[in-house]
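Topology and contacts: notes
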Amino acid sequence: MIFSILIWTFLMFACCFIGTAVLNLLRADCFERTGDRALLAIWLGVVLVAISLLAASLWVPLSPGVGLLVIFILCAIPAGICRPQHALLLKGTIPEFKKLSQSLSWQWVGIFFCCAFGTAAFTTQLVTAYDTGLYHFQVIQWLSQFGTVPGLALLFYTFGYPSSWLAFAAPLNFGILEARTSAIPGGLILLLLTLQLVLSCYRIFQNRQQFADWFIAIAGCICLPVIIWLRLPISPSPDVPVVGLGIVIAWSIIIIANHRDATSPNKLFDASLIPIILGAGALTMKLSALVLLFIAFVFYIFKRSFSLKRFCVGSGLSLLLISPMLVFGMITSGCPLYPASIGCFEFLPWSIGAETAKEATQRIQECARWTCPPLAPENANNWNWLGHWVNNQKQATFLIIASLISTIAILRSKPSIKIEGYFYILVLGLLGILFMMYGSPAIRLGIGYLYLIPTLILAVYCHENSRFKAFSVIVVSGATNLWLGISPTGFLALAATLSMFAFVWINGRKISNVLFLSLLLILSFSITLRPELVAAGNSLNWVLPPAIKNLNQAEFYSRQVNDIKYISPKTGEHLDAHLKEDRCWAKALPCTPYLTHEDIQLRVLEKGIEGGFIRKRTSD
């Protein structure tokens, strides 16, 4: 835990400095409150560091030295070290950063370390996430040892998924820390979300809240328990930062849209570019964030009067930020948007092929639809999965119903809603749900969209102190506790929910913010956190997180195809709700559950696996 807290503290300070420079460059005066500005700066810094590391992996392995160098360069640019005579950002960034550091009271230092300790205690447990054993950590090893490797998707189809988040984790994988630090990035996001929730609750308790604070409070009560229940932060899963960035993008749109900007309406570089930076960063982490970038782009070009210049600036910045992801996909699979088959270059010798990319997409889709296992039945089509899905995805189903009802409530209340920018949040939620249901309808992928519309209308009710804020109790409890099903604890949660709803509905405006929000937090977190507090296998790892262990019960075998020697787990029946014993965990490279194509060979024989892989030529 100590190591995790030290790394988080270092990363937060470095990323805050980087992000502060961006805020000053864009003159984002709309984020005037110190806490909001500092947290947003950290989010911006995290995104830029992750994208920069993915770009660096195209040239060099992501060693600890490379990671530090990337952070140093990003910090040096605003500090004016590279070109002192052109250090335009120096005037604002360093003084503001010093002012922020000096404004930290002992109270908030104590709150930070309390949140950090709780986060570290949770995220330093043994990593058991299926996808981490399947490909997350294997990709981290490839990036840390070799960088971006041509044709890596030929070895195993999931190794080609582009993700700047795995690049963010790669420099920490070295020496005695090898296989121990994969959950540190997820813990950082959980810590940031927790701090943002605590800050908003603190303001609400003191009656100094704005609408954006209620939005964060409701969003945190819905999303944080879900990702904790799924144990996503105890892994390097890109789903965690995508959920976090989705919350921050919606929150930033609300703040920017409700700020009266006195600058010229023709200004191109302003605060409305911030959602684009965050959205592009989220997209480089996982393609499920595509809708986030799209809405951020639309918000930018229509925030002021539409112009071709704003369209070009928004498009250019988006393309610049996602270009490392596109190049990574091109190198590892021959498909810039892999696993999407759009734009696959079949002529490249390391191309996985458009058909194989389609099969990979279909595999992801079917797994989410049929909550694998079981695998999709032979008679599966585009509709008959819904009954099975509704029965197994109760929380997602509940939030979709809540979103539809909330949409109707928003449209009916439209004349009375005084919050600017709410239409962007409404469209983001609707398009996100449609995108999730079509592509991969899993709650871990969709929670970043499912919460949006209910949170928007509930935040309006809470901000106006309407008696309809009582529905927050229903939505929060349903989203966080429906997994209990028919059980004694489930009935207890239902009774508590109905009692709290009746209490808030009857008393209405008489209930103080302190009491109302306290009830909401208890209902949201008490049941979710209880299993983590009493779990028999949990332990406090005071110094270092535990190393990733091989949780397969089957053995590994050495295999060879053409000039490639690799190891592979013996595939058997699924255990503990996993598909098969097909995970490599932290085994030495190269390891793969099975080859994407059997006709592969080393691209450059003298370089070995570092040189990459290609399809075997027929003439050979």
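The present account deals with the structure reproduced in this document. Quick caveat, the model's predicted, so the values are computed rather than measured. Counting starts from 1 at the beginning of each chain's written sequence and moves along it residue by residue. Where local features are concerned, this predicted model is filtered to residues with pLDDT of at least 70; where side-chain atom pairs are given and counted, the filter is 80 or more; whole-chain, interface and lining totals use all residues. Computation of side-chain values: all heavy atoms of the structure, hydrogens and water removed.

1. A look at the overall build of the chain
For the chain, the count of helices and strands is 23 helices and four strands. For the chain, whose C-alpha radius of gyration is 24 Å, the value lies close to the compact-globule estimate of 25 Å for 620 residues. With respect to the principal axes defined by its C-alpha atoms, the chain has extents near 80 × 70 × 50 Å. Burial classes: relative accessible area under 20% of the type maximum marks a residue as buried, over 50% as exposed, and values in between as partly exposed (1.4 Å probe, protein chains only). Burial status across the chain gives 58% buried among its 620 residues. Counting only carbon and sulfur atoms, one obtains 65% of the accessible surface of the chain, whose full area is about 26200 Å². Counting rule for charge: Lys and Arg are taken as positive, Asp and Glu as negative, and neither His nor the chain ends is counted. Here the site of a charge means atom NZ of a Lys, CZ of an Arg, CG of an Asp or CD of a Glu. The chain carries 43 positive and 29 negative side-chain charges, and their two centres are separated by 11 Å. Elements are defined by DSSP. Helices are runs of H or I of four residues or more, strands are runs of E of two residues or more, and each kind is numbered from the N terminus. Atoms counted for the radius of gyration: C-alpha only. Globule rule: 2.2 Å times residue count to the power 0.38. Per-residue accessibility takes into account occlusion by the displayed protein chains alone, with areas from the Shrake-Rupley method and a 1.4 Å probe.

2. As for the packing of helix H20 (residues 452-463) against helix H21 (residues 471-481)
Helix-helix packing is characterised by the crossing angle of the two axes and by the distance between the axes. Close contact between H20 and H21 brings their axes to 10 Å; oriented N to C, the two are set at 150°. In this view, H20 runs roughly antiparallel relative to H21, as classed from their interaxial angle. Pair H20 / H21 crosses with left-handed handedness. In this structure, H20 uses Pro454, Leu458 and Cys462 to contact H21, whose residues at the interface are Phe471, Ser472 and Val475. Split by residue class, the contact of H20 with H21 holds five nonpolar, one polar and no charged. A fitted line through C-alpha atoms serves as each axis, taken over the contacting stretch for helices, and the angle formed by two N-to-C directions is quoted from 0 to 180°. Any angle between 65 and 115 degrees counts as roughly perpendicular, while under 35 counts as roughly parallel, over 145 as roughly antiparallel, and the rest as oblique. Two helices that cross are described as forming a left-handed crossing if the nearer one is turned anticlockwise from the farther one by less than a right angle, and a right-handed crossing if clockwise. Residue contacts follow a heavy-atom distance rule, with two residues in contact if any of their heavy atoms lie within 4.5 Å. Under the grouping applied here, Gly and all other residues not named as nonpolar or charged are polar, the nonpolar ones being Ala, Val, Leu, Ile, Met, Phe, Trp, Tyr, Cys and Pro and the charged ones Asp, Glu, Lys and Arg.

3. Here's the deal with the environment of isoleucine 18
In this structure, isoleucine 18 sits in helix H1 (residues 2-25). For the pair isoleucine 18 and isoleucine 447, spaced 429 residues apart in the sequence, the C-alpha separation amounts to 29 Å.

4. Comments concerning the state of the cysteines
Any two cysteine sulfur atoms within 2.5 Å of one another count as a disulfide. Per the stated rule, a full pass over the model turns up two disulfides. Each sulfur of the disulfide joining cysteine 335 and cysteine 344 lies 2.0 Å from the other. Judged by the torsion about the S-S bond (110°), the cysteine 335/cysteine 344 disulfide is right-handed. Judged by its relative accessible area of 0%, cysteine 335 falls in the buried class. Given the relative accessible area of 14%, cysteine 344 is considered buried. Here cysteine 584 connects covalently by a disulfide to cysteine 591, the sulfurs 2.1 Å from one another. Torsion about the S-S bond of the cysteine 584 and cysteine 591 cystine: about -85°, corresponding to left-handed handedness. The same class applies to cysteine 584 as to cysteine 591, namely buried. Here cysteine 30 stays free of any disulfide, with the sulfur of cysteine 16 as its closest cysteine sulfur at 16 Å.

5. Some thoughts on the nonpolar core
Only buried residues count toward a nonpolar core, which is a set of Ala, Val, Leu, Ile, Met, Phe, Trp, Tyr and Cys residues joined through side-chain atoms within 4.5 Å. Ranked by size, the top nonpolar core spans 213 residues in total, and within it Ile274, Leu278 and Phe613 carry the most contacts. A total of 16 residues in this core trace back to one element, the largest contributor, which is helix H2 (residues 34-57). The residues touching phenylalanine 613, leaving out its near neighbours within four places in the chain, are Trp142, Val149, Pro150, Gly151, Leu152, Leu154, Leu155, Trp350, Ile564, Gln601, Leu602 and Arg603.

6. Thoughts on the pairing of strand S1 (residues 556-561)
As paired strands, S1 and strand S2 (residues 564-569) are joined by six bridges and run antiparallel to one another. Following the sheet pairing, glutamine 560 is matched in S2 by lysine 565. Two strands form a pair only when DSSP identifies at least two bridges running between them.

7. Notes on the pattern of salt bridges
Here, a salt bridge means any Lys or Arg side-chain nitrogen found within 4 Å of an Asp or Glu carboxyl oxygen. In the structure shown here, the tally under the stated rule is ten salt bridges. As a salt-bridge pair, arginine 444 and aspartate 131 come within 3.5 Å of each other at their nearest N and O atoms. In this pair, arginine 444 is assigned in helix H19 (residues 443-450) and aspartate 131 in helix H6 (residues 130-146), connecting sequence segments 313 residues apart. You can call arginine 444 partly exposed: its relative accessible area is 28%. Aspartate 270 is the partner of arginine 310 in a salt bridge, and the nearest nitrogen-oxygen pair spans 3.6 Å. With arginine 310 in helix H14 (residues 308-333) and aspartate 270 in the loop between helix H11 (239-257) and helix H12 (274-285), this pair connects stretches of sequence that are 40 residues apart. Judged by relative accessible area, which is 1%, arginine 310 ranks as buried. Taking the relative accessible area as the measure of exposure, aspartate 270 reaches 3% and is therefore buried.

8. Examining a nonpolar patch on the surface
Residues forming no salt bridge and having over 30% relative accessible area are the ones grouped into patches, like charges within 9 Å of each other and nonpolar side chains (Val, Leu, Ile, Met, Phe, Trp, Tyr) within 5 Å. Judged by side-chain polarity, Ile2, Leu6, Phe117, Leu540, Trp542 and Val543 come together as a nonpolar surface patch covering roughly 610 Å² of accessible area. One can find tryptophan 542 in the loop between helix H23 (513-534) and S1. Assessed through its relative accessible area of 47%, tryptophan 542 is described here as partly exposed.

9. Thoughts on the packing of aromatic side chains
Pairing of aromatic side chains here covers Phe, Tyr and the six-membered ring of Trp, requires ring centres within 6.5 Å, and sorts the geometry by plane angle: under 30 degrees stacked, over 60 edge-to-face, intermediate tilted. Applying the stated rule across the entire model yields 27 aromatic pairs. Aromatic pair phenylalanine 299 and tyrosine 424: ring centres 5.1 Å apart, planes at 85°, arrangement edge-to-face. Linking phenylalanine 299 in helix H13 (residues 290-303) with tyrosine 424 in helix H18 (residues 422-439), this pair joins segments that are 125 residues apart in sequence. Each member of the pair, phenylalanine 299 as well as tyrosine 424, is classed as buried. Through successive ring pairs, a cluster of aromatic residues spans Tyr135, Phe156, Tyr157, Phe159, Tyr161, Tyr338 and Tyr594. In this scheme, the term charge over a ring applies when either NZ of a lysine or CZ of an arginine sits within 6 Å of the ring centre and within 35 degrees of the ring normal. The lysine or arginine in question, arginine 310, covers the ring of tyrosine 300, its NZ or CZ lying 4.1 Å from the ring centre.

10. Details of the side chain of serine 524
Relative to the assigned elements, serine 524 resides in helix H23. By relative accessible area, serine 524 is classed as buried at 0%. What serine 524 contacts, discounting residues up to four positions off in sequence, is Cys221, Pro225, Val476 and Thr480.

11. Considerations on empty space enclosed by the protein
Any space left empty among the atoms is revealed by the rolling of a water-sized probe across them. Computed over the protein atoms alone on a 1 Å grid, cavities are sets of points where a 1.4 Å probe fits but cannot get out and pockets are open sets with protein on both sides within 12 Å along at least five of seven lines; a residue lines them when it has an atom within 4 Å of a point. Grid points are joined across faces, edges and corners, and a volume is the space filled by probe spheres set on the points. Inspection of every chain in the model, using the stated rule, returns three cavities of 30 Å³ or more. Counted as a void, the largest cavity has a volume near 70 Å³. Sorting the residues of the lining of the largest cavity by element identifies helix H9 (184-205) and helix H10 (211-229) as the ones contributing at least two each. Among the elements that take part in the lining of the largest cavity, H10 stands out by supplying five residues, more than any other. Looking at side-chain class alone, the lining of the largest cavity contains seven nonpolar, two polar and no charged residues. For the second largest cavity, the full set of lining residues is Val242, Val243, Gly246, Ser288, Leu292, Leu445, Gly448 and Tyr449.

12. A closer look at the side chain of histidine 136
Its place among the elements puts histidine 136 in helix H6. Within the structure, histidine 136 has its side chain in polar contact with the side chain of tyrosine 135 (distance 3.4 Å). Those residues in contact with histidine 136, other than ones at most four positions away along the chain, are Asp131, Leu166, Pro236, Ser237 and Pro238. Residues adjacent in sequence count toward polar contacts only when both atoms are side-chain atoms; beyond that, a polar contact is any pair of N or O atoms within 3.5 Å, and within protein one must be able to donate a hydrogen and the other to accept it.

Read these as spatial facts, not as claims about activity.
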